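# Survey of secondary and tertiary structure
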Amino acid sequence: MASTTAEKNQKESVTALKKLTILVEINNAIGRTFDLKESLIATLKILQKSYHIKSGAIFLTEEDGVTLSMTAAIGYKEETAKTKYRLGEGLTGRIAETGKPIVSPQVSKEPLFLNRMSSWDSARDREQSFIGVPIILDYDTLGVLIVNLPYNPKRDYESAKKFLTLVASSLVQAIRLDQIRRKDRQALLSESAKIQEKLQDKFSFTNIIGNSHEMRDVYEKVTQVARADTTVLIRGESGTGKELIAQAIHYNSLRADKPFIRVNCAAIPETLIETEFFGHEKGAFTDAKAQKKGRFELANGGTIFLDEIGDLSPMTQVKLLRVLQEQEFERVGGTSPVKVDVRVIAATNANLEEKMKKNSFRDDLYYRLNVFSIFMPPLRDRQTDILLLADHFMIKYGRKHGKPIKRISTPAIDMLRQYHWPGNVRELENCIERAVLVCNDQVIHAYHLPPTLQTAESSGTLPRMSLDAAVANYEKELIQDALKSARGNRAKAARLLETTERIIGYKIQKYDIDVQRFKSTSHRPVYE
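What counts and how
- Residues numbered from 1 in each chain as written.
- Predicted model: local features only at pLDDT ≥ 70, side-chain atom pairs only at ≥ 80, totals over all residues.
- Heavy atoms only, no water.
- Pairing = 2+ DSSP bridges.
- Helix = DSSP H or I, 4+ residues; strand = E, 2+ residues; numbered from the N terminus.
- Axes fitted to C-alpha atoms, helices over the stretch in contact; angles between N-to-C directions.
- Contact = heavy atoms within 4.5 Å.
- Parallel < 35°, antiparallel > 145°, perpendicular 65-115°, else oblique.
- Left-handed = near helix turned anticlockwise from the far one by under 90°.
- Nonpolar A, V, L, I, M, F, W, Y, C, P; charged D, E, K, R; others polar.
- Buried < 20%, exposed > 50% of the residue type's maximum accessible area, 1.4 Å probe, protein only.
- Patch = residues over 30% accessible without salt bridge, like charges linked within 9 Å, V, L, I, M, F, W, Y side chains within 5 Å.
- Areas by Shrake-Rupley, 256 points an atom, 1.4 Å probe, with all protein chains shown as cover.
- Salt bridge = Lys/Arg side-chain N within 4 Å of Asp/Glu carboxyl O.
- Phe/Tyr/Trp six-rings, centres within 6.5 Å; stacked < 30°, edge-to-face > 60°.
- Expected span 1.5 Å × (residues − 1).
- Arc of directions from axis to C-beta.

Turning our eyes to something else, we now look at the sheet that holds strand E3 (residues 84-86). As summarised here, the arrangement of the six strands in space is E3-E2-E1-E6-E5-E4, forming an open sheet in which the pairing is antiparallel. The strands lining the two open edges of the sheet, one partner per strand, are E3 and strand E4 (102-104). The average undirected angle you get between the axes of adjacent strands in this sheet is 20°. As paired strands, strand E1 (residues 55-61) and strand E2 (residues 67-74) are joined by six bridges and run antiparallel to one another. Residue pairing in the sheet places Thr61 in a bridge with Leu68 of E2. Each of E1, E2 and strand E6 (140-150) is contacted by helix H2 (residues 36-50), which is oriented at about 55° to E2, the strand it contacts most. Contacts from helix H3 (residues 90-98) reach E1, E2, E3, E4, strand E5 (128-137) and E6 within the one sheet, and its direction differs from that of E5 by about 30°.

Here it is as structure tokens:
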């Protein structure tokens, strides 16, 4: 009797050790990969090999909370791969609904065994057993693990149920991490889509300020070239908005959802520009501790914007020419060619033709870049756009700095129009931002503008100006502002200045103010 008990205990110990070994093996398999499906299939393979299951499957609960979809299976026909159950449907659905295991030693006697996956043929197969356990985390059913075993009347089904419950518990962490990764990825994709939509809206043609004849020509050319993959060369003085046009081309092209990479060729030292363009291999030079992708590789599938292209060294020009011709390059320190699909948009304020004559810019690169040329007009040639841009920047920086500025005074407008703007739109933007910062009321006046715009006449700093002249200057500006607000109506202007119409009429005559000019003035549109 004692011998029989000892043998039984020894057998139970061996069985327990075997199950523990299987659990350790399953945990190791799950820890080797972040791929959930790979982990689940590895688990089923271990159960098939070491626990001798005939077939098995893992169903996971879908987002609707009522559908179970097969995620991994072993021992079934391929056509069963898309099998689904609803809560309460068959044995699998019942396990998910109740959150409790189900053991059916003989499936032939189980009415809820739907055999939807054709795991058993009553005419051909021997009797088999079904065991299913829920995969539960914090009272939520994440899925169901089911296995089919050869029927054995001596099998300890209670012990088998407990063991498979432990196996299901081992899967919880992997399933939960996968759910978190999916949600994070979905959130990132959603955020990326929103950002992409904002970028496309921000860089649409309707948001580029300017309706002058010169800018309408630019819009027409951008429309013509945007949806093609043609190389574009944007020319014009600094500050004219070349990068804005490059962005408009990209975000209105077929590559809009791919990267837009900016490179300022003039800002990168000549010794580093090749590495910046093409990247480097690990060990290519002393500090190259890891492989690095260059700007062209980062822009693969999208657009690379090469600003100040005229400042490239002759050696870099040769390598850039090869990329443009063959769409491939080698990283620094590498020998294998890297293929890329990149659209190139270049920009320069240099006279490339003069550089070609001096042999500082290659003819073949020039002709490769100058496939489709767009010229950005300087601001001094866009007189009708100056007020539109000034209004736009006034509103933009008024909001940014919390200033309730409503308009720009007439003398200030005159100064903006008369200035020659060597720094173009960039200079105008900086000028208006400064004016917004120093302005303490709702109107930007002439004296708020930078000294560079102030002439002796407009700023009231004529040599030996008397007090009377200075007062007259200020009085004239006040009357002009009032007439503008009143649209040339003298009576209304007088009321605004809290004086009489007769005095206003006298002052208008004294200062030779053209009232008709204000009668034809309408509210300027505000562009965002």
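Below, the discussion takes up the packing of helix H12 (residues 383-400) against helix H14 (residues 424-438). Each pair of packed helices can be described by the angle between their axes along with the distance between the axes. Two elements in contact, H12 and H14, have axes separated by 9 Å at closest approach and are oriented at 45°. With respect to H14, the element H12 is oriented oblique. Crossing hand, H12 versus H14: right-handed. Where H12 approaches H14, its residues Ile386, Leu389, Ala390, Phe393, Met394, Lys396, Tyr397, Gly398 and Lys400 are matched on the opposing element by Val425, Leu428, Glu429, Ile432, Glu433 and Val436. For the contact of H12 with H14, the residue count by class is 10 nonpolar, one polar and four charged.

Let us look at the pairing of E6. Among the 11 residues of E6, eight are classified as buried, and the element is accordingly described as predominantly covered. The pairing of E1 with E6 spans six bridges and is antiparallel. Considered in E6, the bridge of Leu60 is made with Gly143. Inspection of the sheet shows E5 paired to E6 by 10 bridges, in the antiparallel sense. Opposite Leu137, over in E6, you have Asp140 as the bridge partner. Between E5 and E6, which pair antiparallel one after the other, the connecting turn spans two residues, and Asp138 there sits at a positive phi close to 50°.

A few words on a nonpolar patch on the surface. Nonpolar side chains collect at one region of the surface, where Tyr447, Tyr474, Leu478, Leu496 and Leu497 lie side by side and expose about 490 Å² of accessible area between them. Topologically, Tyr447 is positioned in the loop between strand E17 (443-444) and helix H15 (456-459).

The strands making up a sheet associate through hydrogen bonds between their backbones, and the pairing can be parallel or antiparallel. With parallel pairing, five strands are arranged side by side in an open sheet as E8-E11-E14-E7-E15. Of all strands in the sheet, those bounded by a partner on one side alone are strand E8 (260-264) and strand E15 (372-375). In this sheet, adjacent strand axes meet at a mean angle of 20° when their direction is disregarded. Examined bridge by bridge, strand E11 (residues 303-307) and strand E14 (residues 343-348) share four bridges and lie parallel to one another. Within E14, the position partnered with Ile304 by the bridge is Val344. Contacting strand E7 (232-235), E14 and E15, helix H5 (residues 213-225) crosses the sheet at an angle of about 155° to E15.

Between side chains of opposite charge, a pair can form as their charged atoms come close. Here the structure, examined in full by the defined rule, presents 25 salt bridges. The shortest N-O distance in the salt bridge between Arg255 and Asp229 comes to 2.9 Å. With Arg255 in the loop between helix H6 (242-251) and E8 and Asp229 in the loop between H5 and E7, this pair connects stretches of sequence that are 26 residues apart. In this structure, Asp341 and Arg255 form a salt bridge, with 2.8 Å as the shortest nitrogen-oxygen distance. In this pair, Asp341 sits in the loop between strand E13 (338-339) and E14 while Arg255 sits in the loop between H6 and E8, placing the two residues 86 residues apart along the sequence. A single salt-bridge network, built from bridges that share partners, covers Arg322, Glu326, Glu328, Glu330 and Lys339.

All right, on to the packing of helix H13 (residues 410-418) against helix H16 (residues 467-485) then. One can describe the packing of H13 onto H16 by two numbers: an axis separation of 8 Å at closest approach and a directional angle of 95°. Between H13 and H16, the angle falls in the class roughly perpendicular. Packed against H13, whose contacting residues are Thr410, Pro411 and Ile413, the element H16 presents Glu477, Gln480, Asp481 and Lys484 at the interface. For the contact of H13 with H16, a count of residues per class yields two nonpolar, two polar and three charged.

Inspection of the entire model under this criterion finds 11 aromatic pairs. Between the aromatic rings of Phe277 and Phe296, the centroid separation amounts to 5.7 Å while the plane-to-plane angle is 85°, which identifies the pairing as edge-to-face. With Phe277 in helix H7 (residues 273-278) and Phe296 in helix H8 (residues 295-298), the pair connects residues that are 19 residues apart, well separated along the chain. Take Phe277: its relative accessible area is 0%, and that puts it in the buried class. A residue is classified by how much of its surface remains accessible, and Phe296, at 0% relative accessible area, is buried. Measuring from centroid to centroid gives 4.7 Å for Tyr419 and Trp421, while their planes differ by 90°, and the two rings are edge-to-face. Note on accessibility: Tyr419 and Trp421 belong to one class, buried. An aromatic cluster is defined as three or more aromatic residues linked by ring pairs; in this entry it consists of Phe277, Phe278, Phe296 and Phe329.

Gly90, Leu91, Thr92, Gly93, Ile95 and Ala96 are the residues of H3 that are buried. Buried residues along H3 sit in contact with E1, E2, E3, E4, E5 and E6. Gly99 occupies a position one or two residues after H3 and carries a positive phi of about 75°.

Relative to the assigned elements, Leu114 resides in the loop between E4 and E5. Residue Leu114 is classed as partly exposed on the basis of its relative accessible area, which comes to 41%. In this structure the C-alpha to C-alpha distance between Leu114 and Glu433, which are 319 residues apart in sequence, comes to 74 Å. Once residues within four sequence positions are removed from consideration, Leu114 is found in contact with Tyr85, Glu89 and Gly90.

Quick look at the pairing of E1 now. Most of E1 sits inside the fold, with six of its seven residues counted as buried. Hairpin connection, E1 to E2: the antiparallel pair is bridged by five residues, and Gly65 has positive phi, about 80°.

Time to look at helix H9 (residues 314-326). An ideal rise of 1.5 Å per residue puts 18 Å on 13 residues; H9 measures up with 19 Å between its terminal C-alpha atoms. Among the residues making up H9, those that are buried are Thr316, Gln317, Leu320, Leu321, Val323 and Leu324. Here the buried residues of H9 occupy an arc of 160° about the axis, which is enough to place them on one side. Of the residues one or two after H9, Gln327 is the one with positive phi, at around 55°.

So yeah, pure geometry; function would need other evidence.
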